[in-house]
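Listed below, chain by chain, are the residues.
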Amino acid sequence: MAQVAGTSNASNAEDMETETIGTDQVIKKPSFPEVSVSKKGKGKKTQGRKVRVPINKRKALDKQWNRIYTPVVDQLKLMIRYKPGTQFVELKTCAETVSENALQKGTDFITAFMLGFDVDDALAIVRLDDIFVNSFDCKDVKMLKGDHLGRAIGRITGRGGKTKFSIENVTRTRIVIENNKVHILGSYASIQSAKRAVCNLIMGSPPSKIYGRLRAMQSSSRI
């Protein structure tokens, strides 16, 4: 019995040693190279998107087509064409497309131009990863009708666009107001700051109060 107990104790001791050795081992995380669209297989189908061209943007698209076409082809490596008969801008991936989100970036870039943003401002979507457009209706913030809606939009723009420019400069965004809708271009944090200021103006806050908040925000960002 003593011999059996001794052997069992010895086996338990060996198990304990193997367990401690196993816990001391460092497991290295595998590192995988970045997967590109061209390496996912020869049989993968090309993906495409369509962006509708509004009637009031067709002439602007014809004038700015070279500036829109160049970054989509050179930087995003996408195929693009504009069919005036169908009034759509078509985007497609090809064998040279490397980034997986290139198609989404190209679609957002074209959409931002259709919403009224300048080409130079919309190019931030192509060059940076955390830039997008957020749109909302003024009536979603507060039900306004007639002259009250016009006054709310007037508070957002300000005299000569002063209020809108102040919000854009402090929050580092770009704002486009079209009819009752407000479109904001920027990063997530910047859009939230600009949207908060715009919503306060829609709710009836005077521009002077918004200026004070913007100055406080600007001074705190410099610290």
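What you see is a predicted model, and the numbers here were worked out from it, not measured in a lab. (Residues numbered from 1 in each chain as written. Predicted model: local features only at pLDDT ≥ 70, side-chain atom pairs only at ≥ 80, totals over all residues. Heavy atoms only, no water.)

Caption draft 1: The overall build of the protein, seen in detail. On a plain count of helices and strands, the protein comes out with 10 helices and six strands. Among the 223 residues that make up the protein, the fraction classed as buried is 33%. Of the contacts formed within the protein by residues at least 6 apart in sequence, a portion of 60% connects residues at least 24 apart. A total accessible area of about 14,700 Å² is found for the protein, and carbon and sulfur atoms account for 53% of it. (Helix = DSSP H or I, 4+ residues; strand = E, 2+ residues; numbered from the N terminus. Buried < 20%, exposed > 50% of the residue type's maximum accessible area, 1.4 Å probe, protein only. Contact = heavy atoms within 4.5 Å. Areas by Shrake-Rupley, 256 points an atom, 1.4 Å probe, with all protein chains shown as cover.)

Caption draft 2: Fine view of the sheet that holds strand 6 (residues 181–186). Judged by pairing direction, the sheet is antiparallel, and its three strands sit side by side in the order 4-6-5 without closing on themselves. Two strands close off the open sheet at either side, each with one partner strand: strand 4 (132–137) and strand 5 (174–178). Ignoring strand direction, the axes of neighbouring strands in this sheet form an average angle of 20°. Contacts between helix 4 (residues 102–115) and the sheet are confined to strand 4, strand 5 and strand 6, with strand 4 contributing the most and set at about 40° to the helix. (Pairing = 2+ DSSP bridges. Axes fitted to C-alpha atoms, helices over the stretch in contact; angles between N-to-C directions.)

Caption draft 3: Representation of the packing of helix 4 against helix 5 (residues 119–127). Packing of helix 4 against helix 5 leaves a shortest axis separation of 8 Å and a crossing angle of 160°. One way to sum up the angle between helix 4 and helix 5 is to call them roughly antiparallel. By crossing handedness, the relation of helix 4 to helix 5 is classed as right-handed. Of the residues in helix 5, those touching helix 4 at Lys105, Asp108, Phe109, Ala112 and Phe113 are Val119, Ala122, Leu123, Ile125 and Val126. Taken together, the residues of the contact of helix 4 with helix 5 break down into eight nonpolar, no polar and two charged. (Parallel < 35°, antiparallel > 145°, perpendicular 65-115°, else oblique. Left-handed = near helix turned anticlockwise from the far one by under 90°. Nonpolar A, V, L, I, M, F, W, Y, C, P; charged D, E, K, R; others polar.)

Caption draft 4: Quick look at the pairing of strand 5. With five bridges connecting them, strand 5 and strand 6 associate as antiparallel partners. Pairing of glutamate 178 across the sheet is with lysine 181, part of strand 6. What sits between the antiparallel neighbours strand 5 and strand 6 is a turn of two residues, in which asparagine 179 has the positive phi angle 60°.

Caption draft 5: Seen up close, the pattern of salt bridges. The full count for this structure, using the stated rule, is five salt bridges. Lysine 105 is the partner of aspartate 129 in a salt bridge, and the nearest nitrogen-oxygen pair spans 2.7 Å. Pair noted here: aspartate 129 is in the loop between helix 5 and strand 4 and lysine 105 is in helix 4, with a separation of 24 residues, a long-range link. Between aspartate 121 and arginine 174 there is a salt bridge, with its nearest N and O atoms 3.6 Å apart. Taken together, the residues aspartate 121 in helix 5 and arginine 174 in strand 5 connect sequence positions 53 residues apart. (Salt bridge = Lys/Arg side-chain N within 4 Å of Asp/Glu carboxyl O.)

Caption draft 6: Spotlight on the packing of aromatic side chains. Summed over the entire model, instances satisfying the criterion amount to two aromatic pairs. On the numbers, 6.3 Å between centres and 40° between planes, the contact of tryptophan 65 with tyrosine 69 is tilted. Remark: tyrosine 69 and tryptophan 65 occur in helix 3 (residues 65–74); sequence separation between them is four residues, near one turn of the helix. Overall, the relative accessible area of 36% leaves tyrosine 69 in the partly exposed class. Measuring from centroid to centroid gives 6.0 Å for tryptophan 65 and tyrosine 82, while their planes differ by 40°, and the two rings are tilted. Of the two residues, tryptophan 65 is situated in helix 3 and tyrosine 82 in strand 2 (residues 79–83); the sequence distance between them amounts to 17 residues. Each member of the aromatic cluster is reached from another via a ring pair, and the members are Trp65, Tyr69 and Tyr82. Across from the ring centre of phenylalanine 88, 5.9 Å away, lies the NZ or CZ of lysine 50, which sits over that ring. (Phe/Tyr/Trp six-rings, centres within 6.5 Å; stacked < 30°, edge-to-face > 60°. Lys NZ or Arg CZ within 6 Å of the ring centre and 35° of its normal.)

Caption draft 7: Representation of the nonpolar core within the structure. The biggest cluster of nonpolar side chains holds 27 residues, and the ones touching the most others in it are Leu61, Ile68, Val89, Phe109, Ile110 and Met114. Among the elements of the structure, helix 3, strand 2, strand 3 (88–92), helix 4 and helix 5 are those that each provide at least two residues to this core. The element contributing the most residues to this core is helix 4, with seven residues. Setting aside chain neighbours within four positions, we find methionine 114 in contact with Val51, Arg52, Val53, Pro54, Lys57, Leu61 and Val89. Counting 21 residues, the second largest nonpolar core, distinct from the first, contains Cys138, Val170, Ile191 and Ile210. (Core = buried A, V, L, I, M, F, W, Y, C linked by side-chain atoms within 4.5 Å.)

Fair warning: the whole summary comes from geometry, so function is off the table for now.
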